[in-house]
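Remarks on the overall topology
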Number of protein chains: 2
Amino acid sequence: MRISELVAESGIPLPTVKYYLREGLLHPGVAAGSRRASYDRSHLHRLRVIKALTETAALPLTKVKVILELIDHPDPDLFRALGTAVGALPPYVEPVDDHPRAREVLGRLGQVYDPHYPAVAQLEQALSAAEQAGLAISADRIDLYGAALRQVAAYDVARMPEADGASASIEYAVLGTALYEPVLLALWRLAHQHVAAEQLGANAVPPAR
Amino acid sequence: MRISELVAESGIPLPTVKYYLREGLLHPGVAAGSRRASYDRSHLHRLRVIKALTETAALPLTKVKVILELIDHPDPDLFRALGTAVGALPPYVEPVDDHPRAREVLGRLGQVYDPHYPAVAQLEQALSAAEQAGLAISADRIDLYGAALRQVAAYDVARMPEADGASASIEYAVLGTALYEPVLLALWRLAHQHVAAEQLGANAVPPAR
């Protein structure tokens, strides 16, 4: 397809597409005559990935480049590659050498504790904020949240397209995390609404407006 | 306690505490002499609530005021009060009259669908972004996420301090949502790491650094 079709299909403006080409985020098309290039599904696919990262996940372009680089040239150790790629997503929390609250929680859940894994610093900060607000998370709550999220994660990881190679797996992990986190949060709030409606009874019928 | 102790205990600077007093976000102390006022645990508690909302949840002060107003003068319909209060938390998505993707998902899950409930617009936007990126969420995934989050929500709502009155319940719902969402997201990413480590085997041992 021509670049104008790429623009129309992707919904990304021409100057932005040209910028991605110049910056190497988008691979060049195949030369078709002296002043034209031809693009295919792979270009459209790449533009969708970039759009998801810049718009939905609101990533700065420097982080998008890091992720695309990891997708294009995956670390042969897939586990490490997945961790690095997901770690390029926000929130960006400075990792330190030890995260005592997160260490305790992960030990309790019987999970891996690697203090340099970005989500560990993220967990430590979240636990600390709850504690400071006087709403420290109880062990019971951790057990229940942890078990529910392992169910979700087992489903997610089982559907990782490993057979399609490391690049496809990394792309799935990054986009899945970026795109499904907002779904997860919205579903959580709506589950609260649903359960509260059941518990609070008749008042709970949504008012017609 | 004196205002200086309030500052030391809360970790909020004096000019900010004075600003909250002027703006009515913090209730006045009891006069103790002509130029002094005395503060108690209720002031410290209120400052913790404000801090959680402004710092952890990163709310603008106008939204903090809305939430404090709902806590101080709760709607007699607790279900509606909870919805309004949690709806004052980000993300702020413009609600419209119908959200077809969210309606379908909630119908599938057998949950309440009120198009004006803020989390519905949030869900619609999240589903739409996933769809545009070519990662539309399957019905299977919705069923599994929905069931897991209802378990979490049932736990949360069961621990709402209803016996302590509407104000306490609203405060619990708002702070619980704001403070535990980051915990939930971090636990999800760490559950991915844990499950991937199990699935990918030996490579998965965190490297000693």
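Anyway, here's the lowdown on the structure attached to this text. (Residues numbered from 1 in each chain as written. Chains lettered and ligands numbered in written order. Predicted model: local features only at pLDDT ≥ 70, side-chain atom pairs only at ≥ 80, totals over all residues. Heavy atoms only, no water.)

Right, let's talk about the interface of chain A and chain B for a bit. With 84 residues of chain A at the contact, the number on the chain B side is 84 residues. For the pair chain A and chain B, the two sides together bury roughly 8,300 Å², of which 70% comes from carbon and sulfur. On the chain A side of the contact with chain B, Phe79(A), Tyr180(A) and Arg189(A) bury the most area, a combined 10% of that side's loss. Seen at the junction of chain A and chain B, the total is 4 salt bridges. (Contact = heavy atoms within 4.5 Å. Buried area = accessible area lost by both parts, 1.4 Å probe. Salt bridge = Lys/Arg side-chain N within 4 Å of Asp/Glu carboxyl O.)

Residue and element names in this part refer to chain A. With an omega dihedral of 0 degrees, the bond running from Pro90 to Pro91 counts as a cis peptide bond. Tracing the backbone shows Pro91 in the loop between helix H5 (78–87) and helix H6 (100–109). The backbone phi angle of Ala58 is positive, close to 55 degrees, even though this residue is not glycine. Mapped onto the fold, Ala58 is located in the loop between helix H3 (41–56) and helix H4 (61–72). (Helix = DSSP H or I, 4+ residues; strand = E, 2+ residues; numbered from the N terminus.)

A separate point is the side chain of Glu124(B). Residue and element names in this part refer to chain B. Secondary-structure assignment places Glu124 in helix H7 (residues 118–132). The class of Glu124 is buried, set by a relative accessible area of 9%. Beyond its immediate chain neighbours, meaning those up to four positions away, Glu124 contacts His99, Pro100, Arg101 and Ala102. (Buried < 20%, exposed > 50% of the residue type's maximum accessible area, 1.4 Å probe, protein only.)

Below, the discussion takes up the relation of the copies chain A and chain B. Take chain A, turn it by 180 degrees, move it 0.0 Å along the axis, and it overlays chain B with an RMSD of 0.0 Å. Considering both components of the superposition, the chain copies are consistent with a two-fold axis. Looking at the rotation axis and the C-alpha trace of chain A, the residue lying nearest is Ala148(A), at 2.6 Å. An overlap of 100% is found between the interface residues of chain A and their copies at the interface of chain B, pointing to a shared contact surface. (Least-squares fit on C-alpha atoms with pLDDT ≥ 70 in both.)

We now examine the packing of aromatic side chains. Overall, the coordinates contain 6 aromatic pairs over all chains when judged by the stated rule. Measuring from centroid to centroid gives 6.4 Å for Tyr145(A) and Tyr180(B), while their planes differ by 85 degrees, and the two rings are edge-to-face. Pair noted here: Tyr145(A) is in helix H8 (residues 139–158) and Tyr180(B) is in helix H9 (residues 166–200), and the two residues belong to different chains. An identical accessibility class is assigned to Tyr145(A) and Tyr180(B); each is buried. Measuring from ring centre to ring centre gives 6.2 Å for Tyr19(B) and Tyr20(B), while their planes differ by 55 degrees; the resulting arrangement is tilted. Ring-pair connections join several aromatic residues into one group, and the members of that group are Tyr145(A), Trp188(A) and Tyr180(B). Above the ring of Tyr92(A), the side-chain terminus of Lys63(A) is found at 4.4 Å from the ring centroid. (Phe/Tyr/Trp six-rings, centres within 6.5 Å; stacked < 30°, edge-to-face > 60°. Lys NZ or Arg CZ within 6 Å of the ring centre and 35° of its normal.)

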